[in-house]
Structure formats: structure tokens, C-alpha cells
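Reading the structure
One letter stands for each residue in the lines below.
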Amino acid sequence: MKKVERLISIVMILLQKEIVSATEFAHLFNVSKRTIQRDMEALGYANIPIMQNTVRMEDMP
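Read on for an overview of the structure.

Conventions adopted
- Residues numbered from 1 in each chain as written.
- Predicted model: local features only at pLDDT ≥ 70, side-chain atom pairs only at ≥ 80, totals over all residues.
- Heavy atoms only, no water.
- Helix = DSSP H or I, 4+ residues; strand = E, 2+ residues; numbered from the N terminus.
- Buried < 20%, exposed > 50% of the residue type's maximum accessible area, 1.4 Å probe, protein only.
- Contact = heavy atoms within 4.5 Å.
- Areas by Shrake-Rupley, 256 points an atom, 1.4 Å probe, with all protein chains shown as cover.
- 1 Å grid on protein atoms, 1.4 Å probe; cavity = no way out; pocket = protein on both sides within 12 Å on 5 of 7 lines; lining within 4 Å.
- Points joined across faces, edges and corners; volume = space filled by probe spheres on them.
- Polar contact = N/O pair within 3.5 Å; in protein donor to acceptor, adjacent residues only side chain to side chain.

Looking only at helices and strands, the protein chain has three helices and zero strands in total. Put simply, the protein chain has 61 residues, and 20% of those count as buried. Pairs at least 24 residues apart make up 41% of the contacts formed inside the protein chain by residues separated by at least 6 positions. When the accessible surface of the protein chain is split by element, carbon and sulfur atoms take 57% of a total near 5,100 Å².

Spelled out as C-alpha cells, the structure:
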């Protein structure tokens, strides 16, 4: 899958489902979590509002 196809797919999924983790996207598209993070950054540069919530397992009670 090309990057542009993945970016469009990410937007379409987020329109349907409010919260999706980077890990879920990485598994879905067979790419690394870092690639998904870069994709989210690219969507932000394109003025597509993507809210990110970073929660680490160490921060969980």
C-alpha cells in the first residue's frame, strides 16, 4: 500500500471510529508504529486535525 493510500485510509477509519491506537493502525497496515506516527504528523501538516493522546503503560495506575 502506498503512503497516500494509507493516509486516506487512516482518515476514513478515524471518521468512523473515534479512538484508534497507533499500534492498531500499525498492525492493520503492516508497518511500524513509528511509521504511523510519521503519518499522523503528515496529516497534521496537511491541516487535517488529528488529536493524539499519549499514554504510557508506566503512567497507568
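Moving on to the layout of surface pockets. Volume-wise, the largest pocket comes out at about 720 Å³. As for the largest pocket, its lining consists of 21 residues, of which Val20, Ser21, Ala22, Gln52 and Asn53 are closest to the centre. Of all the elements in the fold, those that place two or more residues in the lining of the largest pocket are helix 2 (22–29) and helix 3 (33–45).

So, about the side chain of Arg6. Mapping Arg6 onto the fold places it in helix 1 (residues 3–16). Here Asp39 takes part through its side chain, which lies 2.4 Å from a polar atom of the side chain of Arg6. Once you skip the residues sitting within four places of it in the chain, Arg6 turns out to touch Met1, Phe29, Val31, Thr35, Ile36 and Asp39.

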